[in-house]
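Structural characterization, general
Listed below are the residues making up each chain.
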Amino acid sequence: MTLVASIPRTTEPSVIVIGGGIGGLAAAAAIANAGVSVIVLEAHVYPGGCAATFRHRGRWYDAGATLLAGFAPGGPMQLLGRAAGIRHWPVRPTELALTVYLEDGTVVARVARDARWDFYRSAFPTSLPFWHWQEATAALLWDFALRLPEIQPRSWASLRETLSVTGEWLLRSRPSPQLLLDLLRPVARRLPEDPRFRRFVDAQLLIAAQATADEVYALYGAAALDLPNRGVVEPAGGAGAIARTLVDAVRRHSGTVHFRQEVVEIERTQRTWRVRTQRGLELAATHVVADLTPWALARLWNDAPAALRRRTERPPAGWSAFLTVPQSRRQPHAGDHGVAPSGPRAGTARRRELGLRLVEPGLGRDARPGRSARRDPEHPHDLHQLVEAGANR
Ligand SMILES: Cc1cc2nc3c(=O)[nH]c(=O)nc-3n(C[C@H](O)[C@H](O)[C@H](O)COP(=O)(O)OP(=O)(O)OC[C@H]3O[C@@H](n4cnc5c(N)ncnc54)[C@H](O)[C@@H]3O)c2cc1C
């Protein structure tokens, strides 16, 4: 918002946002609501990117995200609503954030209610200290994050602001020095010796952080495992409803959103950015916001700084998220998510090493990633292709 305040109000678009995913649209809606002229250029024919909802052969599909968090009072989505002039998000609160299917047949629903403690006590008696640590750590992190510190200050003023926010937070919350260690050690170091509990945590981390307890740093893991406590909602009409609400907000505040406008080149000339799309649209603005991966941005920008170019390789290994929806159901729900190793770690050896089986609750049996859904009469061919399109996160 400090940045937005410093942008001059002119009749030309001051800001061009490349990409109409949730990130780009959130930025554009806040910028437009601050009275700065903004144009969003989206390559696709609908908004939302990985959190879009699209129609295919008479059915609606979520492209990726189905279940969203951060809608609790004072949470990030409320802050975004305030910044973007959105009073109401089209969402229904849901108590059930995740269901974990353990190999011994135990089905564990993760809810935010107080009853969760009774469950932890009975199912994983040694896990209570872990949950106390997790919830306290997540609360500290959220408290810090919602003060909106600029993590990479761009000026002396923003550095001063970040230091002052951090100082206030340190004084108020007096975090233990252990917090620093948790920045460096994995979640696994915090877990009790209980392989069943370890599997329970791994399964949740795979969905929330796309890695297992020995790969996720403890601080991040504490926040990722906090999902059920952070205002989980089901968007009415699919995840794309959030993107559509943001598009409406941009337009309501005199911003513009163009679809089918894939940006193919950006160039910096003196104080202006020039942006060209595949369909020949050429625009200039004083600022550009790119809702793109670093490597995608570097491809468009010939004079990209070396630091950005160095980051143009995809991570060598990671996890892919994917979504499967049985044909018998019209609407996907949270249980349709899956994750699978990608890159060099893909393949059954790595899954065996982790002891992972991905269970598709809607069908009540294994849904092994990579297995062709075409052999399954429950899955239409075209859906299989959509599933395979699941992006690398
Ligand atoms: C299978 C799956 C399941 C997920 N489940 C959840 C979930 O349940 N809950 C949750 O909170 N998150 C979930 N996520 C993550 C979430 O969807 C993403 O983190 C989020 O949508 C990313 O938004 P973004 O705006 O940063 O990027 P993107 O969604 O990738 O948006 C980028 C946009 O830029 C456009 N674009 C790209 N290049 C150009 C160009 N050159 N010119 C113009 N436009 C361009 C793209 O078309 C796209 O619309 C899931 C992701 C996946 C893949």
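This is a predicted model, so every value here is computed, not measured.

**Looking at the sheet that holds strand β10 (residues 263–269)**
- One open sheet holds the three strands; their spatial order is β10-β11-β12, and the pairing between them is antiparallel. Looking at the sheet topology across the chains shown, the edges are occupied by β10 and β12 (282–285). Along the sheet, successive strands turn relative to each other by an average axial angle of 20°, direction set aside.

**Quick look at the confidence of the model for the protein**
- Residues with a pLDDT of 70 or more make up 76% of the protein, whose mean pLDDT is 80.
- Here residues 344–393 is a poorly scored stretch, pLDDT under 50, and it has 73 contacts once near neighbours within four places are set aside; other chains count.

**Examining the sheet that holds strand β9 (residues 256–258)**
- Strand order in this open sheet of four strands is β9-β2-β1-β13, and the pairing throughout is parallel. On the outer flanks of this sheet lie β9 and β13 (287–290), each paired with one strand and no other. The average angle at which neighbouring strand axes cross in this sheet is 15°, direction not considered.
- Across four bridges, the pairing between strand β1 (residues 15–18) and β13 is parallel. Opposite Ile18, over in β13, you have Ala290 as the bridge partner.
- Along the sheet, helix α2 (residues 22–33) contacts β1, β2 (38–41) and β13; its crossing angle with β2, the most-contacted strand, is approximately 165°.

**Topic: unusual backbone geometry**
- The phi dihedral of Leu148 is positive, around 55°, even though this residue is not glycine.
- You can see Leu148 is positioned in the loop between α5 (128–145) and α6 (156–173).
- Using a count of 14 C-beta atoms within 10 Å as the deciding quantity, one classes Leu148 as partly exposed.
- At Arg174, a position not held by glycine, the phi torsion is positive, near 40°.
- The exposure class of Arg174 is exposed, given the 8 C-beta atoms found within 10 Å.

**A look at the pairing of strand β7 (residues 107–111)**
- When strand β6 (residues 96–101) meets β7, the two strands line up antiparallel, connected through five bridges. Bridge pairing in β7 places Thr99 opposite Ala109.
- As consecutive antiparallel partners, β6 and β7 are separated by five residues, and within that stretch Gly105 has a phi angle of approximately 95°, a positive value.

Calculation notes
Along each chain, the written sequence defines residue order, and numbers are assigned to residues from 1. In view of the model being predicted, local features appear only for residues whose pLDDT reaches at least 70, and side-chain atom pairs are presented and counted only at 80 or more, with totals across whole chains, interfaces and linings using the full set of residues. At least two DSSP bridges between two strands are required for those strands to pair. The helix and strand labels rest on DSSP assignments: H or I over at least four residues marks a helix, E over at least two residues marks a strand, and numbering proceeds from the N terminus. To define axes, lines are fitted to C-alpha atoms, for helices over the stretch in contact only, and angles between the resulting N-to-C directions are given on a 0 to 180 degree scale. What pLDDT conveys is the predictor's confidence in a given residue, as a value from 0 to 100. Remark: residues whose backbone-derived C-beta atoms lie within 7 Å of one another are considered to be in contact. Once C-beta atoms are placed from the backbone, each residue is buried if 20 or more other C-beta atoms lie within 10 Å of its own, exposed if 12 or fewer, and partly exposed for counts between those two.

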